[in-house]
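Close look at the chain arrangement
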Amino acid sequence: MLGLLLGAAACGNSWAQKAEGLADTPPMGWNSWNKFACDIDERLIRETADAMVKQGLKDAGFQYVNIDDCWHGQRDADGNIQPDPKRFPSGIKALADYVHGKGLKLGIYSDAGATTCGGHPGSRGHEYQDALTYARWGIDYVKYDWCDTPGLNAEAAYTTMRDAIAKAGRPMVFSVCEWGMSKPWDWGGQVAHMWRTTPDIYNCFDCEYSPGFSVGLGVLRILDKQANLRKFAGPGRWNDMDMLEVGNGMSEDEDRAHLSIWAMMASPLILGNDLRSMTESTRRILTNPGVIAVNQDKLGVQALRILADGPLEVYAKPLEGGQWALMFLNRSNQALDLRHDWKAHLMNDDLSKRSVDFKKTVYRWSDLWSKKTGDTSGKLEARLAPHSVLMLRLTGPAKP
Ligand code: GLA
């Protein structure tokens, strides 16, 4: 027995695991990439942390402030990664202290290859050293990208970094970013807390953009790629639909729909706009408590599509306590008149083994955007603007 134990210990990290309890609900935060790309520095990160608190985003549940690509300087003579001395002159530890002082958490970015997508030093061959550096700095979240990885096996490479983080001894959310290419949902639950399911988001509702080799997908294109992935998600393991573009130029209806879709699909909610200068309308959208509560529901079940009728789609998400969230999505750029006969549709989810027959049970509903209320005894009638959603929480059952 002792021999067996020693043998296992000699294998080093055979017991290494991702940290448990860090992502029981989808992580919520902000990331620098969508709005700022490589134009980042410590002032932006500090001001973003300030804004997260001041604008009520922290109170709404957002907590991670994540530095994406391009924070790096060179490795020192011992191979330790350094931040860019011009952009981050005070160092990352000082930044982490600042962010922690606000009651928030700091995230950082690296890559499984020798160089990041922006051409900076990646972690290949330095995984344990980098994880240790992040732990010393007080990092709470690592996004790990997939550029410059020819010949690498994704599951193995991400497992190495998972083990390195475990060995470093500081709990950090581990976020896989390999764009869904090697089906990370198949192995991601063991390795990470979340995994990107698609190429990068592109700031539009219904389009895609493919200059050269890279592809960017609009909101609906990303939604459509989640169809068969819901069984892989749950507390501690999430399908990541990429950072949000709310506040970056889509219409208000599109922004509301975008956030609602991410909430329904239990995707991490990582903001991608400039928190320091957002409009009041964007702020209100991002802090909608009802929509965030759907995303953060403890059951952790990703929504399923229960109806597709031309441009109208209906998604249902089972929630704690027998409740449901429902989202009516108008995919088209024309307005749509919704007349939903509750009794004509049995709502059934094989995955969570929940179903509702509205012929037998009446639920009360509240509209999470307009705050209207009603119940399922009559028809649901509404005009859905182009690229908009109606999102309801169903509570009940009410007395018939
Ligand atoms: C990749 C990732 C993006 C971002 C950039 C940074 O494209 O998918 O989210 O991190 O790299 O270079």
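Residues numbered from 1 in each chain as written. Predicted model: local features only at pLDDT ≥ 70, side-chain atom pairs only at ≥ 80, totals over all residues. Heavy atoms only, no water.

**Focus on the overall build of the protein chain**
Counting its secondary structure elements, the protein chain contains twelve helices and 23 strands. For 400 residues, the compact-globule estimate of 2.2 N^0.38 gives 21 Å, and the protein chain sits close to it at 22 Å. A principal-axis box enclosing the C-alpha atoms of the protein chain has dimensions of 70 × 60 × 45 Å. The proportion of buried residues among the 400 residues of the protein chain is 54%. For the protein chain, the proportion of contacts with a sequence separation of at least 24, taken over those separated by at least 6, is 68%. A total accessible area of about 16900 Å² is found for the protein chain, and carbon and sulfur atoms account for 49% of it. (Helix = DSSP H or I, 4+ residues; strand = E, 2+ residues; numbered from the N terminus. Rg over C-alpha atoms; globule rule 2.2 N^0.38 Å. Buried < 20%, exposed > 50% of the residue type's maximum accessible area, 1.4 Å probe, protein only. Contact = heavy atoms within 4.5 Å. Areas by Shrake-Rupley, 256 points an atom, 1.4 Å probe, with all protein chains shown as cover.)

**Regarding the environment of Trp179**
Mapped onto the elements, Trp179 comes out in the loop between strand 7 (173–176) and helix 8 (184–191). With 16 residues separating them in the primary sequence, Trp179 and Trp195 have C-alpha atoms 8.0 Å apart. The contacts of Trp179, once residues within four sequence positions are left out, are Cys117, Asp145, Trp146, Cys147, Arg196, Thr197, Thr198, Pro199 and Asp200.

**Things to note about the sheet that holds strand 13 (residues 269–271)**
In space, the eight strands of this open sheet follow the order 12-8-7-6-5-2-1-13, with parallel pairing throughout. Each of the sheet's edge strands pairs with one partner strand only, and the pair in question is strand 12 (238–240) and strand 13. Neighbour-to-neighbour, the strand axes of this sheet turn through a mean angle of 25 degrees, independent of strand direction. Of the pairings in the sheet, the one linking strand 1 (residues 28–31) to strand 2 (residues 64–66) comprises three bridges and is parallel in character. (Pairing = 2+ DSSP bridges. Axes fitted to C-alpha atoms, helices over the stretch in contact; angles between N-to-C directions.)

**Considerations on the site of the ligand**
The environment of the ligand is formed by 13 residues, the closest being Asp68, Asp69, Lys143, Asp145 and Asp200. Between the ligand and the protein, one listed contact pairs an oxygen atom with a side-chain N or O atom of Trp179 at 2.9 Å. For the ligand, whose free accessible area comes to 310 Å², the fraction covered by protein is 93%. Per-class residue counts for the shell around the ligand are six nonpolar, one polar and six charged. (Near = heavy atom within 4 Å. Polar contact = N/O pair within 3.5 Å; in protein donor to acceptor, adjacent residues only side chain to side chain. Nonpolar A, V, L, I, M, F, W, Y, C, P; charged D, E, K, R; others polar.)

**Some points on the pattern of salt bridges**
In this structure the tally under the stated criterion is 26 salt bridges. Here Glu252 makes a salt bridge to Arg256, at a shortest N to O gap of 4.0 Å. Here Glu252 pairs with Arg256, and both are found in helix 10 (residues 252–264), just four residues apart, close to one helical turn. Several salt bridges share partner residues, and in doing so they unite Arg43, Glu47, Asp274 and Arg276 into one network. (Salt bridge = Lys/Arg side-chain N within 4 Å of Asp/Glu carboxyl O.)

**Overview of the packing of helix 7 (residues 154–168) against helix 8**
Look at helix 7 against helix 8: their axes get within 10 Å of each other, and the N-to-C directions meet at 15 degrees. Our classification of the angle between helix 7 and helix 8 gives roughly parallel. With respect to the hand of their crossing, helix 7 and helix 8 are arranged in right-handed fashion. The residues of helix 8 that touch helix 7, namely those facing Ala154, Glu155, Tyr158, Thr159 and Arg162, are Trp187, Gln190 and Val191. Across the contact of helix 7 with helix 8, the residue classes tally to four nonpolar, two polar and two charged. (Parallel < 35°, antiparallel > 145°, perpendicular 65-115°, else oblique. Left-handed = near helix turned anticlockwise from the far one by under 90°.)

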